[in-house]
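So you can see what is in the structure, the chains are spelled out below.
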Amino acid sequence: MSQSTNNRQLPTTQHAVLIREFGEPDVMSYQEGVAIPELNDEQVLIKVAYAGINPVDYKTRQGKGWGADNIRQAKFDNDEPAILGFDVAGEVVSSNSDKFAVGDKVAALSFGGGCYAEYVAVDAKLLAKVPESVSLKAAGALPCVGQTALQFVEFADIKKSEHVVMNAPAGGVGHLVIQLLMDKVTQDDIKVTVICSPEKYDKLSELVDVDKLAGWIDYTKDDAFPDLQADVLLDLVGDEAGVRALSVLKSGGRINVLPTIWVDKLKEAGSSQDLSVDGYAVKPNGEDMQRVLQQLADGKLVLKVQQSYPLSEVVAAHSELQKGDAFGKIVLEVG
């Protein structure tokens, strides 16, 4: 049985950002009069407060990857527009789940998309309640990067005393991964070396004690990377940057790469070093959403939100993210 907000009728239409084709940021159009989604069983309707944006959003918009494939099949092939956006935080206004009630503040990573809108329907199993001490802005920026960072570090299965090298430690996912790794420096005596620009290295001191890092490699210099005989490379960039970083590893070292599309390229480039290469893709779920929200609430993780844009300025927000020099996250403010 669906329950709705104080028995007040919800509106039937909303503002949302639509795309009808793939391409540059200007294919996104902020429009009114868009139908509010219908709820299925075990779904809730969220009045969106904030929607995080991630590299997967602009890659989907460009027509790349599984996100774009889903839109082609579900929307474009039926001559329907699509709404982007996988990160959401807001308030439940209607619920077909006994776990979430109207008025609950919630957050989710939903690969169904649709979060660049005033209202979105989300499967209850993906949702978590936002702790009192966490703002909806932070909660809206967290889902994709938070769950990815948590799962990626667990997937990497770093052993005591291992030497880990990671690139992009100041991006959306990276700035959380580096904090999780620094916990392991204390607990498991691992060593961590980062690959980043001088600007990003300076910013890292806002997140972690850089004196506890084993080292820093400035990729903006032309020098070859040092042969560190490291055990593990956490590659959050892939492509040529990932290939360049292989020289830090010992023979038989391990590479964990986000996104998975770079696995074959890195395998080929590292074939002489007997490296094992594994890609990782996040698996959205409410339990991990709750865990990472709680770490934020407890002060164990710091989330950097670089900038927020009104939903109507989504084109500018995507253009900014695509430059690739954000420290932390960019979010869309809705309503």
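Residues numbered from 1 in each chain as written. Predicted model: local features only at pLDDT ≥ 70, side-chain atom pairs only at ≥ 80, totals over all residues. Heavy atoms only, no water.

**Q** Would you mind going over the overall build of the protein chain with me for this structure?
**A** Along the protein chain, the regular secondary structure elements total 10 helices and 16 strands. Taking 20 Å as the expected radius of gyration for a compact globule of 335 residues, we find that the protein chain reaches 20 Å, a close match to that expectation. Taken over the C-alpha atoms alone, the protein chain extends approximately 65 × 40 × 30 Å along its principal axes. Counting every position in the protein chain, which comprises 335 residues, the buried fraction comes to 53%. Counted over contacts in the protein chain with a minimum sequence separation of 6, partners at least 24 positions apart contribute 66%. For the protein chain, the exposed surface amounts to about 15,000 Å²; the carbon and sulfur share of it is 46%. Counting 32 positive and 49 negative side-chain charges, the protein chain places the centres of these two groups 3 Å from one another. (Helix = DSSP H or I, 4+ residues; strand = E, 2+ residues; numbered from the N terminus. Rg over C-alpha atoms; globule rule 2.2 N^0.38 Å. Buried < 20%, exposed > 50% of the residue type's maximum accessible area, 1.4 Å probe, protein only. Contact = heavy atoms within 4.5 Å. Areas by Shrake-Rupley, 256 points an atom, 1.4 Å probe, with all protein chains shown as cover. Lys, Arg positive; Asp, Glu negative; His and termini not counted. Charge placed at Lys NZ, Arg CZ, Asp CG, Glu CD.)

**Q** Can you help me understand the packing of aromatic side chains in this one?
**A** Each aromatic ring pair is characterised by the separation of its centres together with the angle its planes make. Within the structure shown, the criterion is met by 7 aromatic pairs. Arranged with centres 4.5 Å apart and planes meeting at 50 degrees, the rings of W66 and F111 form a pair that is tilted. Placement of W66 in helix α2 (residues 65–74) and of F111 in the loop between β6 (105–109) and β7 (119–123) is noted, with a sequence separation of 45 residues between them. A relative accessible area of 27% places F111 in the partly exposed class. Through a chain of ring-to-ring contacts, the aromatic side chains of W66, F86 and F111 assemble into a single cluster. (Phe/Tyr/Trp six-rings, centres within 6.5 Å; stacked < 30°, edge-to-face > 60°.)

**Q** Can you help me understand the sheet that holds strand β9 (residues 163–167) in this one?
**A** Backbone hydrogen bonds hold the strands of a sheet together, and the pairing may be parallel or antiparallel. Spatially, the 6 strands line up as an open sheet ordered β11-β10-β9-β12-β13-β14, and their pairing is parallel. A single partner strand is all that each edge strand has here, and the edge strands are β11 (215–218) and β14 (276–279). In this sheet, adjacent strand axes meet at a mean angle of 20 degrees when their direction is disregarded. Across 3 bridges, the pairing between β9 and strand β12 (residues 230–235) is parallel. The residue of β12 that forms the bridge with V165 is L233. Along the sheet, helix α4 (residues 143–156) makes contact with β12, β13 (249–257) and β14, crossing β13 at roughly 150 degrees. Where helix α5 (residues 174–188) meets the sheet, its contacts fall on β9, β10 (191–196) and β12, and the angle it forms with β9 comes to roughly 165 degrees. (Pairing = 2+ DSSP bridges. Axes fitted to C-alpha atoms, helices over the stretch in contact; angles between N-to-C directions.)

**Q** I keep staring at the pairing of β7 and nothing clicks. Help me out?
**A** On any regular strand, side chains alternate: one points to one face of the sheet, the next to the other face. Taken across its 5 residues, β7 has 4 buried, putting it largely inside the fold. As paired strands, strand β4 (residues 43–53) and β7 are joined by 5 bridges and run antiparallel to one another. Note on β7: the bridge partner recorded for V44 is V122.

**Q** Please explain the pattern of salt bridges as it appears in this structure.
**A** Any two side chains of opposite charge can pair, given that their charged atoms come close. Enumeration over the complete set of coordinates arrives at 16 salt bridges. Between D188 and K184 there is a salt bridge, with its nearest N and O atoms 3.7 Å apart. Placement of the pair is D188 and K184 together in helix α5, with a separation of 4 residues, close to one helical turn. (Salt bridge = Lys/Arg side-chain N within 4 Å of Asp/Glu carboxyl O.)

**Q** What is the right way to look at the environment of P143 in this model?
**A** Relative to the helices and strands, P143 resides in helix α4. Under the relative-accessibility criterion, P143 is labelled buried at 0%. Along the sequence, P143 and N285 sit 142 residues apart, while their C-alpha atoms lie 9.7 Å from each other. If sequence neighbours within four positions are ignored, P143 has contacts with D87, V88, A108, L109 and M289.

**Q** Teacher, can you tell me more about the packing of α4 against α5 here?
**A** A packed helix pair is summarised by two numbers, namely the angle formed by the two axes and the spacing between the axes. It is the contact of α4 with α5, at a shortest axis distance of 9 Å, that shows an interaxial angle of 35 degrees. As for the relative orientation of α4 and α5, their crossing is right-handed in sense. When α4 is examined against α5, the residues V145, G146, A149, L150, F152 and V153 are found in contact with a partner set consisting of L176, V177, L180 and K184. Of the residues in the contact of α4 with α5, the class split is 8 nonpolar, 1 polar and 1 charged. (Left-handed = near helix turned anticlockwise from the far one by under 90°. Nonpolar A, V, L, I, M, F, W, Y, C, P; charged D, E, K, R; others polar.)

**Q** Can you help me understand α4 in this one?
**A** The terminal C-alpha atoms of α4 lie 20 Å apart, and with 14 residues this matches the ideal 20 Å at 1.5 Å per residue to within 8%. Most of α4 sits out of view: 12 of its 14 residues are buried. Of the residues making up α4, those classed as buried are P143, C144, V145, G146, Q147, T148, A149, L150, Q151, F152, V153 and A156. Just downstream of α4 lies D157, where phi reads positive at about 50 degrees. (Expected span 1.5 Å × (residues − 1).)

**Q** In this structure, what is going on with the environment of F225? I would like to understand it.
**A** If you trace the backbone, F225 turns up in the loop between β11 and β12. Separated by 21 residues in the primary sequence, F225 and L246 place their C-alpha atoms 8.8 Å from one another. Sequence-distant contacts of F225, defined by excluding residues within four places in its chain, comprise I195, I217, Y219, R244, A245, S247 and V248.

**Q** Just checking my understanding: could you explain the nonpolar core for this structure?
**A** It is characteristic of soluble globular proteins that their nonpolar side chains tend to be buried jointly. In terms of nonpolar packing, the biggest core is built from 52 residues, with V177, I178, L181 and L234 touching the most fellow members. Among the secondary structure elements, those contributing two or more residues to this core are β4, α3 (136–141), α4, β9, α5, β10, β12 and α9 (286–297). The leading source of residues in this core is α5, at 7 residues. The contact partners of I178, leaving out residues within four places of it in the chain, are M166, P169, V192, V194, L204, L207, V208 and L213. Formed by 35 residues, the second largest nonpolar core is a distinct cluster that contains Y58, I71, V106 and A317. (Core = buried A, V, L, I, M, F, W, Y, C linked by side-chain atoms within 4.5 Å.)

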